[in-house]
Amino acid sequence: MIKALIEREERREGEGERRGEREEGEREEEKRRETRREGGRREERGRRESRSWRAVSVLLSEGLSPAWKQTRNHAAAARLDLRGIYPPIATPFTPQEDVDFQKLEENLQKYAKIPFRGLVVQGSNGEYPFLTEEERVEVVKAVRRSLPADKLLMAGSGCESTKATIQLTQKMAAAGADAVLVVTPCFYKGKMNSPALVQHFTKVADNSPVPVVLYSVPANTGLELPLDAVMGLSEHPNILGLKDSGGDITQIGLIVHKTKTQDFQVLAGSAGFLMAAYSVGAVGGVCALANVLGREVCELEHLCVSGRLEEARALQQRLIEPNAAVSSICCTEDFDPPLTQVTRKLGVPALKQAMEWFGFHGGACRSPLQPLTEAETQQLRRDFCSNGWLIAVGLRKFNLSNTPMNNSRMSTWKHTGGQQSRWFWWAGFGGACEDQQVHKQV
Ligand SMILES: O=C(O)C(=O)C[C@@H](O)C(=O)O
């Protein structure tokens, strides 16, 4: 009996051992299967990573970084509505060529009464290449202090290197810029191909606390931001849009068309082709002429967006020559498609002279920009007078000393038969100038 019990116990123990061994074997097999599975996963990860690195290397060779850091304002980029007109404001200087913040402030007070969407500070017309980094930031701070809260401050933060552009962008954001306008680097223009430019703007946008607007101005930089680069960059969450000063309407139309699936906004870079740009989908304009005829350029925008094309056409035609004279986009034969040949003649010195005629502080440019010659001044006046913007009534001899005219005073707006007219009286300082009563007809 006992023997049987022992034998049964031994059998049970043997079965237990064998079950344990089986279970151990199964556990070992499971481990081996898991190891194989993990190895497979690791290989797959390796393949995927190599695929993704291959992709990244391709992307990086095209300048697109795979993961965009979320700056605090990417969401802002989606919200910021750029529609409207912006003067790229001029920078007044003292006779010693220091920034004249007092005159800047007086100009800002006048701009505040004009229905601009905002101001571009340190655009081409701001003479940014001639300002130190510190001055560029100080001017942004001064404008921020004065600009009404509902106006957008777009600060030009472009430099030649990506590193310097990021640093200045961050300083301008801290100084109060709502967005930055970043011009294409151009000193080594032969090497500024799409991959280089896409990588540049991507890194800037990755590191900018505020949304970025691309700035392509081939007449000044000698290069155009290529379409494929714009299309790639339009997908960046912190890149809002493009300011195109090239003036090629087909290029602007193509950019609008090719980026329409993105929240990407295109601004015309000159009043000379503003209506045409609106017709192909631009949402606004950065226009030097708006420093002088700000209300009229805003009126053109209004007529375009409200479909009053006959009136828009008539107004646009009267703005082409004055715009041509004051546009800061220098003449370069290579980048001067016929349409824009009219838009580039006398540049910033002419803009500043015209500002003086229309009651703003323009003054001298910073060296090495030279003042207008007498012949250029006459040409400039013709461009405004022949389009009915400046009619000298009772013009008497001007014997201005070097002191630019100032102390202008706008008297009244007078509507006469649908025409608006403004009368200006000037009393210049420092010279034997006499009162000049000029009838400006708009
Ligand atoms: O000053 C700027 O930044 C410009 O784009 C100039 C351009 O708007 C023009 O009308 O000439």
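This text follows the structure it describes.
Residues numbered from 1 in each chain as written. Predicted model: local features only at pLDDT ≥ 70, side-chain atom pairs only at ≥ 80, totals over all residues. Heavy atoms only, no water.

## Description of the overall build of the chain
Point 1. Regarding its fold elements, the chain presents 15 helices and 12 strands.
Point 2. Burial analysis of the chain (442 residues in total) assigns 49% to the buried set.
Point 3. Summarising the internal contacts of the chain: among those between residues at least 6 apart in sequence, 70% fall at separations of at least 24.
Point 4. Counting only carbon and sulfur atoms, one obtains 54% of the accessible surface of the chain, whose full area is about 21,000 Å². (Helix = DSSP H or I, 4+ residues; strand = E, 2+ residues; numbered from the N terminus. Buried < 20%, exposed > 50% of the residue type's maximum accessible area, 1.4 Å probe, protein only. Contact = heavy atoms within 4.5 Å. Areas by Shrake-Rupley, 256 points an atom, 1.4 Å probe, with all protein chains shown as cover.)

## Focus on the packing of aromatic side chains
The description of an aromatic ring pair uses the distance of the two centres, along with the angle that the planes make with each other.
Point 1. The full count for this structure, using the stated rule, is four aromatic pairs.
Point 2. Here the aromatic rings of F358 and F384 are separated by 5.4 Å at their centres, their planes lie at 45°, and the arrangement is tilted. In this pair, F358 sits in the loop between α14 (347-357) and α15 (374-385) while F384 sits in helix α15, placing the two residues 26 residues apart along the sequence.
Point 3. Overall, the relative accessible area of 0% leaves F384 in the buried class.
Point 4. Through a chain of ring-to-ring contacts, the aromatic side chains of Y111, F116 and F360 assemble into a single cluster.
Point 5. One Lys or Arg, K243, reaches over the ring of Y215 and ends 3.7 Å from the middle of that ring.
Point 6. Above the ring of W389, the side-chain terminus of R318 is found at 3.8 Å from the ring centroid. (Phe/Tyr/Trp six-rings, centres within 6.5 Å; stacked < 30°, edge-to-face > 60°. Lys NZ or Arg CZ within 6 Å of the ring centre and 35° of its normal.)

## Some remarks on unusual backbone geometry
Point 1. With omega at 10°, the peptide bond leading from S367 into P368 counts as cis.
Point 2. Within the secondary structure, P368 sits in the loop between α14 and α15.
Point 3. One non-glycine residue, Q122, adopts positive backbone phi at about 75°.
Point 4. Overall, Q122 belongs to the buried group, its relative accessible area being 2%.
Point 5. For E127, which is not a glycine, the phi torsion comes out positive at approximately 60°.
Point 6. Note on placement: E127 falls in the loop between β2 (118-121) and α4 (133-146).

## Comments concerning the pattern of salt bridges
Point 1. Inspection of the entire model under this criterion finds eight salt bridges.
Point 2. Between K171 and E133 there is a salt bridge whose closest N-O contact spans 2.4 Å. In this pair, K171 is assigned in helix α5 (residues 162-174) and E133 in helix α4, connecting sequence segments 38 residues apart.
Point 3. Here K171 falls in the partly exposed class, since its relative accessible area comes to 42%.
Point 4. Since its relative accessible area comes to 31%, E133 is described here as partly exposed.
Point 5. Measuring nitrogen to oxygen at the nearest pair gives 2.7 Å for the salt bridge that ties E311 to R308.
Point 6. Residue classification places E311 among the partly exposed positions, given a relative accessible area of 40%. (Salt bridge = Lys/Arg side-chain N within 4 Å of Asp/Glu carboxyl O.)

## Considering the environment of S234
Point 1. Here S234 lies in the loop between α8 (227-233) and β6 (239-244).
Point 2. With a relative accessible area of 4%, S234 lands in the buried category.
Point 3. Between the alpha carbons of S234 and I255 there is a distance of 9.7 Å; along the sequence they are 21 residues apart.
Point 4. For S234, the side chain forms a polar contact with the main-chain oxygen of M231, separated by 2.7 Å. (Polar contact = N/O pair within 3.5 Å; in protein donor to acceptor, adjacent residues only side chain to side chain.)

## Notes on the sheet that holds strand β1 (residues 84-86)
Point 1. Reading across from one edge, β1-β8-β7-β6-β5-β4-β3-β2 is the order of the eight strands in this open sheet, with parallel pairing throughout. Unpaired on one side and paired on the other, β1 and β2 mark the two borders of the sheet. Neighbour to neighbour, the strand axes of the sheet diverge by 25° on average, direction disregarded.
Point 2. Sheet topology places strand β3 (residues 152-156) next to strand β4 (residues 179-183); three bridges connect them, and they run parallel. Paired with M154 across the strands is A179, a residue of β4.
Point 3. Where helix α9 (residues 249-258) meets the sheet, its contacts fall on β6 and β7 (265-268), and the angle it forms with β6 comes to roughly 165°. (Pairing = 2+ DSSP bridges. Axes fitted to C-alpha atoms, helices over the stretch in contact; angles between N-to-C directions.)

## Re empty space enclosed by the protein
Point 1. In the structure shown here, the tally under the stated rule is three cavities of 30 Å³ or more.
Point 2. In this model, the second largest cavity occupies a volume close to 50 Å³.
Point 3. L108, Y111, A112, L119, S146, L147, P148 and K151 are the residues that line the second largest cavity.
Point 4. Residue composition of the lining of the second largest cavity, grouped by class: six nonpolar, one polar and one charged. (1 Å grid on protein atoms, 1.4 Å probe; cavity = no way out; pocket = protein on both sides within 12 Å on 5 of 7 lines; lining within 4 Å. Points joined across faces, edges and corners; volume = space filled by probe spheres on them. Nonpolar A, V, L, I, M, F, W, Y, C, P; charged D, E, K, R; others polar.)

## Concerning the site of the ligand
Point 1. Not every one of the 15 residues close to the ligand is listed here, only the nearest: S124, N125, K243, V286 and S327.
Point 2. For the ligand, an oxygen atom lies 2.8 Å from a polar atom in the backbone of A288.
Point 3. In this structure, S327 approaches the ligand through a side-chain N or O atom, which is 2.5 Å from an oxygen atom.
Point 4. Protein contact buries 100% of the 300 Å² of open area that the ligand shows by itself.
Point 5. Residue classes in the shell around the ligand are distributed as six nonpolar, eight polar and one charged. (Near = heavy atom within 4 Å.)

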